Structure formats: structure tokens, C-alpha cells
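# Structural characterization, general
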Amino acid sequence: MEKSLCILAAPIFLLCLNTALIQAQNASTQRNTLSRPAPTKATQTVSVRPKYGQVNATIATARKSAIKSTTSKPSFKYTWTQRTSLLKSTTSTSFTKGTRSVSVKPKINATIAPTRKSPIKTTAKPTPNPRKNSKEATVKKDKDDKTTKLDCPPLGLESLRVHDSQIRASSTLRTGLGPHRGRLNIQSGIEDGDLYDGAWCASHKDKNQWLEVDALHLTKFTGVILQGRNSIWSWDMVETYKVQLSNDSYKWQTCMNGTQEAIFQGNLNTETPVLALLPVPTVARYIRINPQTWYTNGTICLRTEILGCRVKDPTDIYASEEDRVSNDNLDFRHHNYKDMRTLMKSVNDECPNITRIYTIGRSYMGLKLYVMEISDNPGKHELGEPEFRYVAGMHGNEVLGRELVLNLMQYLCQQFKKGNQRIVRLITETRIHLLPSMNPDGYEGAYEKGSELAGWADGRYSYEGIDLNHNFPDLNNIMWNAEERALEKSQDTSKVPNHYIPMPEYYTKEDAMVAPVTRAVINWMEEIPFVLSANLHGGELVVTYPYDCTRDWAPKEDTPTADNAFFRWLATVYASTNLVMSNPDRRICHYEDFQKHNNIINGGAWHTVPGSMNDFSYLHTNCFEVTVELSCDKFPHASELPVEWENNKESLLVYMEQVHRGIKGMIRDKQTKKGIADAIIKVDDHEHDIRSAEGGDYWRLLNPGEYKIIVWAVGYFPSMRRCTVGMEPRATICDFTLTKTPAEVLKQIRAKGGKVPQDVQLRVRALRLKKLRASTKVLNQRRESQRLSRQSSKTRKA
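Read on for an overview of the structure. (Residues numbered from 1 in each chain as written. Predicted model: local features only at pLDDT ≥ 70, side-chain atom pairs only at ≥ 80, totals over all residues. Heavy atoms only, no water.)

## A word on the pattern of salt bridges
- For the coordinates displayed, the defined rule picks out 33 salt bridges.
- Residue glutamate 271 pairs with arginine 303 through a salt bridge whose shortest N-O separation is 3.2 Å. Of this pair, glutamate 271 sits in the loop between β14 (264-265) and β15 (274-294) while arginine 303 sits in strand β16 (residues 301-310), and the two are 32 residues apart along the sequence.
- For arginine 303, a relative accessible area of 0% corresponds to the buried category.
- Among the ionic pairs, aspartate 331 bridges to arginine 333, the shortest N-O distance being 3.0 Å.
- Connected through salt bridges with shared partners, the residues Arg174, Asp197, Arg229 and Asp236 form a single ionic network. (Salt bridge = Lys/Arg side-chain N within 4 Å of Asp/Glu carboxyl O. Helix = DSSP H or I, 4+ residues; strand = E, 2+ residues; numbered from the N terminus. Buried < 20%, exposed > 50% of the residue type's maximum accessible area, 1.4 Å probe, protein only.)

Spelled out as C-alpha cells, the structure:
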């Protein structure tokens with residue numbers, strides 16, 4: 001059976017063309033899809049698989065008996081001119097709209113009217129009371145893996161493509177619950193009653209309330225997704241609703257399901273998105289959600305997303321406002337685990353000389369953590385060449401970073417082959433590592449539900465329920481506690497370790513609550529001398545920098561590092577080149593205005609995150625890392641990926657180029673000329689040191705300026721020199737040569753069983769005498785201080 005499209009013309013004529021019943025009447029002997037007559041009212045349950053997995057859509061249907069006389073006619077009258085008889089045509093329908101015609105081919109609506117050959121089963125049941133939270137139709141996977149795809153993308157309420165001015169409502173409870181807050185997955189502030197609450201709420205509790213969206217263009221509306229109010233204090237949601245459509249926002253027609261007004265199932269809780277497909281896709285410009293029932297002890301509150309495809313209209317005054325597209329030939333779609341592996345393999349096959357795929361571990365469910373290395377000499381660390389990494393998918397439902405990293409590896413390969421000098425220089429001078437999915441288990445769970453239906457948290461955590469961004473060792477408090485103990489003992493806090501802080505013993509135990517992927521990433525960070533990194537997240541538009549954890553467990557407090565100025569530079573580089581973040585007219589995502597901070601913020605000043613990967617990277621390794629919140633929408637629709645790539649492409653490239661700022665060089669043994677590993681590089685007036693890599697090379701990220709650099713290693717005399725960092729994005733070479741101490745030379749000679757030269761013996765003896773004099777002087781000063789203290793005490797008593 002087939003259902004035709006409904007067309008809204010001006011003045012508004014909205015009639016659902018239920019030709020399926022008429023065709024069934026004319027061909028009942030040939031196309032008998034129902035084994036028995038349906039009751040007067042029925043609930044239809046349909047099993048299909050939508051584009052991104054299993055979703056539940058509920059649609060109430062009312063149908064007359066399928067067996068009627070062939071002379072029966074519909075109960076409504078047609079008021080427009082038809083090119084051919086609707087009772088006989090099965091190919092196209094044309095309706096006159098002013099001086100032009102709109103032709104539409106009727107489609108089979110799989111959620112309502114399956115054909116005789118379809119494996120979909122239709123079951124008739126009595127229509128339940130909508131207040132009993134019944135589900136009137138269900139969309140899910142079928143056994144033959146055939147799908148009814150949600151062809152039309154979201155209009156963009158969640159992604160902010162729909163402007164606040166396009167959303168109206170019948171009434172508003174208060175400003176913070178206005179229609180502009182009725183966006184899917186929008187988050188509220190901690191306190192109710194502010195300007196940024198978590199839904200649109202009506203001021204009246206009756207069936208005359210509505211939320212209206214102006215699509216600006218003629219749009220084929222196909223469905224509605226609904227959520228309740230986001231709040232930790234209130235419980236408000238819409239349980240059932242109607243959908244109304246219009247072309248002029250004055251005359252409205254309720255969406256029909258056969259001869260009755262369609263009633264759509266809303267929410268059973270406030271956070272789970274519920275999809276309802278329209279019985280017949282309908283062309284209009286405006287759409288309204290008209291709540292019919294709501295939570296008994298609550299009020300009318302909802303968040304929503306509208307599904308619809310833009311219809312070409314030559315008279316559309318907004319026709320020139322087409323969405324931006326990308327000119328890059330990249331695979332813009334969502335990639336599950338299998339698709340991701342296939343894409344990475346294709347990039348490796350296309351550019352085998354500069355790419356290498358390797359794994360760093362497995363998830364709890366056994367999925368491998370794949371990394372793409374891009375370098376002119378993949379598989380090897382080259383002396384003097386810095387190591388860079390992008391990590392995406394720490395939270396499995398924040399998927400934009402995953403797709404951007406996959407796009408980036410394709411783009412670098414293609415542009416290198418084309419001879420793009422910027423890309424060629426970046427790849428030949430940098431060893432790049434791209435980890436697209438740190439939490440593959442979480443992603444697969446979100447992917448199964450799909451773009452708009454994963455909600456705000458589904459897939460965020462690992463399979464074991466661990467938030468990976470809190471799963472790294474908390475080294476901040478270990479360092480701060482050591483500093484406090486030194487102050488209590490009147491000791492010099494500069495001697496407290498400020499880098500390469502070891503992991504606490506409890507964390508290394510097998511029974512510690514540490515995800516396998518976290519352990520794998522830590523091992524990866526320890527094996528490769530990374531210099532710079534970014535952790536790609538989603539759900540906001542801001543770049544955060546360490547420290548993420550606050551002192552004394554304050555909920556939020558600016559907690560800067562010793563390299564605060566350079567971290568702010570890194571964050572600014574990304575934010576200022578991102579096309580959305582840098583737009584001064586953009587709307588805030590949820591409830592915090594980061595534009596007043598130039599779209600960057602200290603992590604602790606936003607909210608405290610103990611055990612973050614950023615802080616661990618800074619305190620346990622040499623690597624500087626920031627977090628990039630890429631989009632208000634954690635799981636943007638595939639149709640939005642080309643635009644998101646263009647928004648972030650320059651930011652991704654220019655951020656990688658920052659790995660070449662500051663100073664770099666080699667630390668060698670003066671006698672053997674070999675590199676010295678684990679030499680400590682200290683910048684004067686900076687309370688954060690770094691160490692040289694295994695081959696003796698090092699990289700120290702610094703802003704432009706002149707610096708006093710001191711280098712020392714075990715068994716060597718320290719060395720000092722001044723190094724100047726320029727404005728250009730090119731690291732200043734600052735090499736060091738260290739001389740072994742006589743004691744170290746003596747130790748090595750004795751270890752080899754050799755004879756100690758006389759000059760070495762004399763130097764060792766002189767050094768021992770020097771130390772003896774120094775220690776004697778300190779001891780005498782201490783004794784004199786104690787004597788004076790006792791004398792002063794006796795004088796006071798007298």
C-alpha cells in the first residue's frame with residue numbers, strides 16, 4: 001500500500017491524501033496485506049531499522065474497515081485542481097498553488113503502510129488511553145536488516161542553525177523558560193529561575209499551548225523528537241501531543257492519521273529523546289507542537305528537534321541562504337568501528353610512504369585502539385622532530401572529534417600528494433599521531449541509537465561505567481600536598497618535584513578502578529615523547545587549559561600552571577581560528593557565555609575535574625595538552641559534518657604548527673658526543689621542568705622572549721645559557737654539552753676495572769675538600785645560631 005504526500009498551499013489547504021485505502025479498495029483481491037479486517041480503531045506496531053539503529057516512534061492511527069465497497073469515497077472534499085484523478089493515479093500528484101504547481105511522487109511510508117511483499121508485520125490492537133503512556137508504534141531493526149531510513153535531517157534546533165527568532169510559543173512561564181530554550185539536549189544551569197533554564201515551559205496548563213518553529217523555507221516535515229525539561233529540581237515533560245502545520249502561521253491544520261487527528265507519544269522521562277514520525281511527510285513552512293497531556297504534578301515543558309527536508313521554491317526570498325559545503329573530497333559520514341578501520345586502511349593504502357596504523361591496546365569489550373601515524377619516516381622517532389597527538393572520543397557520544405580526526409588524516413594524505421607546501425612541511429618536520437576513538441565501546445552504544453536519539457549522556461562512559469576524563473591519576477594533589485609539607489617544615493618548595501611525578505601506588509594495582517583504555521593511553525604517553533596534544537570533546541564551544549583540578553576541591557576556581565601564558569596562547573590559537581567560536585554574533589550553547597572570555601577558560605575556573613588527562617599529561621610527561629569543546633551538539637547529524645570540517649580545518653592545522661614554538665635542541669656528553677637521556681631542562685622563573693628524550697633531544701614550548709636555561713643530569717655538572725625565542729613559528733635551537741663530574745668518571749672507570757688517572761684523583765680530592773669546607777661552615781653557622789638562641793632565652797627569663 002502507498003501513502004501520498006500532503007502539500008500545504010496558500011491559502012492553507014492541508015489534507016492527508018489517504019490513497020492507500022482507496023487503492024486497497026480497488027485492488028483488494030490482488031493486494032491483500034491484511035489477513036483480517038482491522039477494528040474501527042487500531043494501534044499499528046511497525047518493526048523497521050532506522051538509519052542509526054534502534055529508535056522508538058509512537059504514532060496513533062485510526063482506520064476504517066479495510067473491506068468496503070469500491071464505490072466508497074473519502075469523507076473529505078478536495079478543494080484544489082488535480083492533474084489526474086487521485087483515485088487512479090499512482091505516480092504523481094500536482095496541486096495548484098497560486099500561479100505555480102508542485103508535483104510530488106507518492107512514497108510508501110513504511111511506518112504506516114507496508115506493502116504486501118514487505119517483511120514488516122502489521123498488528124491491530126485496541127487504541128489505549130494516551131494517558132497510560134502507551135506506545136502506538138515502534139520503529140526498530142527487522143530480521144532481514146532492511147531499513148526505513150530517516151531521510152530528512154534535523155532542522156538544527158540543537159546545533160543552533162535555527163535562530164532564536166524562528167521559535168515562538170503561545171505563552172512563557174518566564175524568560176529563562178522561553179521558546180528559545182526549547183532546543184533538544186539544551187542544558188540548564190545549576191539553579192532554577194535564572195535566564196538559562198532547561199526547556200520551554202508554558203505559563204498555562206491547557207491544550208491550547210504550542211511551540212512553533214519557522215523553517216524559513218518550504219520544508220517536507222517528517223518527524224518530531226521530544227524531550228522533557230532538563231533540571232535537577234523539577235520534573236516536567238509532555239506525554240502526548242499533536243502536530244500542526246501552516247504556510248502563513250495564521251491558518252493551521254492538524255496532522256491527520258487517516259480521518260482522525262494524530263496523537264503522538266511524548267516522554268516517559270525527562271532526558272530520553274522520543275521520535276515520532278508523521279503519518280505522511282508534509283510540506284509546509286511552519287510547524288507547531290501542541291501538547292495534549294503532561295506529567296500530572298508538573299507543567300507543560302519540552303525540548304525538541306524537528307526533522308525535515310528543504311523543498312526548492314523559486315519564490316523563496318531565503319533561497320540564497322544555502323548551507324556552506326566543503327570543497328574537500330572527504331568521507332563525510334559517521335563511521336562505526338568497522339567503517340573506521342576501513343577508512344584508516346584506505347588512507348594507509350593511498351599514502352603508504354607517510355602513514356602507519358598501529359594499536360595501543362584494547363577496550364573492555366575487546367575493540368582495538370587504532371592510531372594513525374603520519375610522518376615522512378613513519379614508525380621511527382627522528383632526533384629533533386617533535387611528536388604531536390590528537391585524541392578524540394574520550395566520551396563516546398561526543399562524536400564530532402572522531403569524524404574530524406578521520407577527516408584530518410584523509411586531508412593530510414591528499415594534500416601531501418598534491419604537493420601542498422604547508423602540509424608537506426608539517427609532515428616532514430612533525431611526527432603526527434591521530435587516535436580517533438579512545439572510548440570505542442561508548443561510541444558503539446551511541447552510534448546504535450543515532451544522531452538525535454543518543455541523548456546527552458548515552459555512550460559517554462566506558463562499558464564499565466567509567467568517565468575516562470576522571471580516570472587518570474590525580475597528580476595535582478600529590479604535588480600540592482608535598483608543597484604544603486615543605487612549607488610546614490620551612491623548606492624550599494622549589495625542591496618539590498614539579499614534573500614527571502610518579503603515579504601513586506594504589507593506581508598501579510590490578511584491582512584499581514582503571515579502565516583498560518586509560519592504562520593503554522598512559523603506556524602510550526610514556527613510550528612516545530609527545531610535546532603537544534589536544535583532547536577533542538563536544539557539547540560546548542570553548543577551549544580549556546590546565547589545571548582542570550582545583551586546590552582544596554573547590555567547585556570552580558582559576559588554577560593556573562607555571563606555563564599559564566603559553567597555555568592561554570595555545571587555547572587562543574584554536575579558538576580564534578575556529579569559524580564558529582570566533583563569530584561574535586553566535587548564540588551561547590547552554591547557559592555559560594564563554595565569549596566574554598574570548599572562548600577560552602582555565603579548566604578549574606569552569607568546573608573542577610580531578611584525574612583529567614590534561615593535568616596528567618602536564619605533570620607526568622613533557623606534553624602540553626588542552627581540551628577543545630567542538631560543538632554545542634555532541635552528535636551532529638551527518639549532513640552537518642562538511643560544515644563542521646570547514647569550521648575546524650584551519651584550527652586543527654594551525655594548532656599542530658604550534659609544536660614548533662619555543663626552544664629545542666640536543667643535550668650531549670662532552671666526551672662521547674652521545675645524547676643524554678633524562679636530563680632536566682629548567683627555565684629560570686618557571687616552576688615546571690621537562691626532561692630530554694631517550695636520544696638526548698628535547699623541546700620546550702615557550703612564548704617569545706629571552707630565557708635563562710639551566711640543564712643538568714645525574715653524574716654531570718650543570719650547564720647554563722641564554723636562549724631567545726622569536727615571533728616566528730620556528731623553534732630556536734639551543735644545544736647543551738655536559739661534562740661528567742669527577743665522581744662519575746671515577747665510578748665509570750672503577751666499574752670497568754681500569755686504573756684511575758692521577759689528574760682525576762686530584763680533582764676528586766679537591767672536590768671532597770670543597771664539600772668538607774662547605775659542610776663545616778654550615779655546621780658552624782647552625783651551632784652559632786643555637787648558642788645565640790639559648791643566650792636570648794636566658795636573658796628574657798632574667
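Now that the structure is up, let's keep going.
## Describing the state of the cysteines
- Across all of its chains, the model carries 5 disulfides by this definition.
- The residue that forms a disulfide with cysteine 201 is cysteine 301, at a sulfur-sulfur distance of 1.8 Å. Looking along the S-S bond of the cysteine 201-cysteine 301 disulfide, the torsion reads about 115°, which is the right-handed sense. Separated by 100 residues along the polypeptide, cysteine 201 in strand β8 (residues 200-201) and cysteine 301 in strand β16 bring together distant segments of the chain.
- Judged by relative accessible area, which is 0%, cysteine 301 ranks as buried.
- For cysteine 351, the disulfide goes to cysteine 413, at an S-S distance of 1.9 Å. Taking the sign of the S-S torsion, about 85° here, the bridge from cysteine 351 to cysteine 413 comes out right-handed. A residue pair is termed long-range when its members are at least 10 positions apart, and cysteine 351 in the loop between α2 (337-350) and β17 (355-362) and cysteine 413 in helix α3 (residues 400-418) qualify at 62 residues. Cysteine 413 shares its class with cysteine 351; the two are buried. (Disulfide = S-S within 2.5 Å.)

## Thoughts on the nonpolar core
- Core analysis: the biggest nonpolar cluster contains 97 residues, and Tyr390, Met409 and Trp524 have the highest contact counts within it.
- Aside from chain neighbours lying at most four places away, what touches tyrosine 390 is Val405, Leu408, His433, Leu434, Leu435, Ala534, Leu536, Tyr574, Ser651, Leu652, Tyr655 and Met656.
- Within the second largest apolar cluster, 29 residues are counted, among which are Val213, Ala215, Val238 and Ala276. (Core = buried A, V, L, I, M, F, W, Y, C linked by side-chain atoms within 4.5 Å. Contact = heavy atoms within 4.5 Å.)

## Considering a negative patch on the surface
- On the surface, Glu484, Glu488, Asp552, Glu557 and Asp558 cluster together into a patch of negative charge.
- Along the chain, aspartate 558 falls in the loop between β22 (542-545) and α9 (564-577). (Patch = residues over 30% accessible without salt bridge, like charges linked within 9 Å, V, L, I, M, F, W, Y side chains within 5 Å. Areas by Shrake-Rupley, 256 points an atom, 1.4 Å probe, with all protein chains shown as cover. Lys, Arg positive; Asp, Glu negative; His and termini not counted. Charge placed at Lys NZ, Arg CZ, Asp CG, Glu CD.)

## Thoughts on the packing of α3 against helix α4 (residues 421-429)
- Here α3 crosses α4 at 110°, and the two axes come no closer than 8 Å. By the criterion of interaxial angle, the relationship of α3 to α4 is roughly perpendicular. Along this stretch, α3 crosses α4, giving a crossing that reads as left-handed. Two secondary-structure elements touch here, α3 through Tyr411, Leu412, Gln415 and Phe416 and α4 through Ile423, Val424 and Ile427.
- Considered class by class, the residues forming the contact of α3 with α4 number 6 nonpolar, 1 polar and no charged. (Axes fitted to C-alpha atoms, helices over the stretch in contact; angles between N-to-C directions. Parallel < 35°, antiparallel > 145°, perpendicular 65-115°, else oblique. Left-handed = near helix turned anticlockwise from the far one by under 90°. Nonpolar A, V, L, I, M, F, W, Y, C, P; charged D, E, K, R; others polar.)

## Concerning the packing of aromatic side chains
- On inspection of all chains with the given rule, the structure shows 21 aromatic pairs.
- Considering the side-chain rings of tryptophan 235 and tyrosine 295, the 6.4 Å spacing of their centres and the 75° angle between planes classify their relative orientation as edge-to-face. Here tyrosine 295 lies in the loop between β15 and β16 and tryptophan 235 lies in the loop between β9 (211-227) and β10 (238-246), a separation of 60 residues in the sequence.
- Residue classification places tryptophan 235 among the partly exposed positions, given a relative accessible area of 40%.
- Geometry around tyrosine 443 places arginine 402 over its ring, the cationic atom sitting 3.6 Å from the centre.
- It is lysine 634 that lies over the ring of tryptophan 456; its NZ or CZ is 4.0 Å from the centre. (Phe/Tyr/Trp six-rings, centres within 6.5 Å; stacked < 30°, edge-to-face > 60°. Lys NZ or Arg CZ within 6 Å of the ring centre and 35° of its normal.)

## A look at the sheet that holds β17
- Ordered in space as β17-β18-β20-β19-β21-β24-β22-β23, the 8 strands form an open sheet in which the pairing is mixed. A single partner strand is all that each edge strand has here, and the edge strands are β17 and β23 (600-602). Strand-to-strand twist across the sheet, computed as the mean angle between neighbouring axes with direction ignored, equals 20°.
- Where β22 lies against β23, 3 bridges are found, and the strand directions are parallel. Each bridged residue has a counterpart across the sheet, and for tyrosine 545 the counterpart in β23 is asparagine 602.
- Contacts from helix α8 (residues 516-527) reach β17, β18 (368-374), β19 (387-392), β20 (431-435) and β21 (530-537), with the element oriented near 130° to β17. (Pairing = 2+ DSSP bridges.)

## With respect to α3
- End to end, α3 covers 26 Å across 19 residues, agreeing with the expected 27 Å (1.5 Å per residue, within 8%).
- Among the 19 residues in α3, 16 count as buried, and that is most of the element. (Expected span 1.5 Å × (residues − 1).)

## Let's talk about the packing of α2 against α3
- Contact geometry of α2 with α3 gives a least axis separation of 10 Å together with a crossing angle of 15°. Taken together, the axes of α2 and α3 lie roughly parallel to each other. Here α2 and α3 pass one another in a crossing that is left-handed. Every residue of α3 that contacts α2 at Tyr337, Met340, Leu343, Met344, Val347 and Glu350 is listed here: Arg402, Leu406, Met409, Gln410, Cys413, Gln414 and Lys417.
- Considering only residue class, the contact of α2 with α3 consists of 8 nonpolar, 2 polar and 3 charged.

## Brief notes about a nonpolar patch on the surface
- A grouping of Ile190, Ile232 and Trp233 is seen on the molecular surface, where their side chains present a nonpolar patch of about 420 Å² in accessible area.
- Looking at the element boundaries, isoleucine 190 is found in the loop between β7 (167-169) and β8.
- Exposure remark for isoleucine 190: the relative accessible area of 65% places this residue in the exposed category.

## Comments concerning the environment of isoleucine 232
- As for its placement among the helices and strands, isoleucine 232 is situated in the loop between β9 and β10.
- Linking isoleucine 232 and glutamate 191, residues 41 residues apart in sequence, is a C-alpha distance of 8.5 Å.

## Describing unusual backbone geometry
- Residue tyrosine 547 is bonded to the preceding proline 546 through a cis peptide linkage, with omega at 0°.
- If you check the backbone angles, serine 249 has positive phi at about 70° while not being a glycine.
- Tracing the backbone through its elements, the reader meets serine 249 in the loop between β10 and β11 (253-254).
- Residue tryptophan 553 is not a glycine yet carries a positive backbone phi of 60°.
- The residue tryptophan 553 is located in the loop between β22 and α9 in this model.

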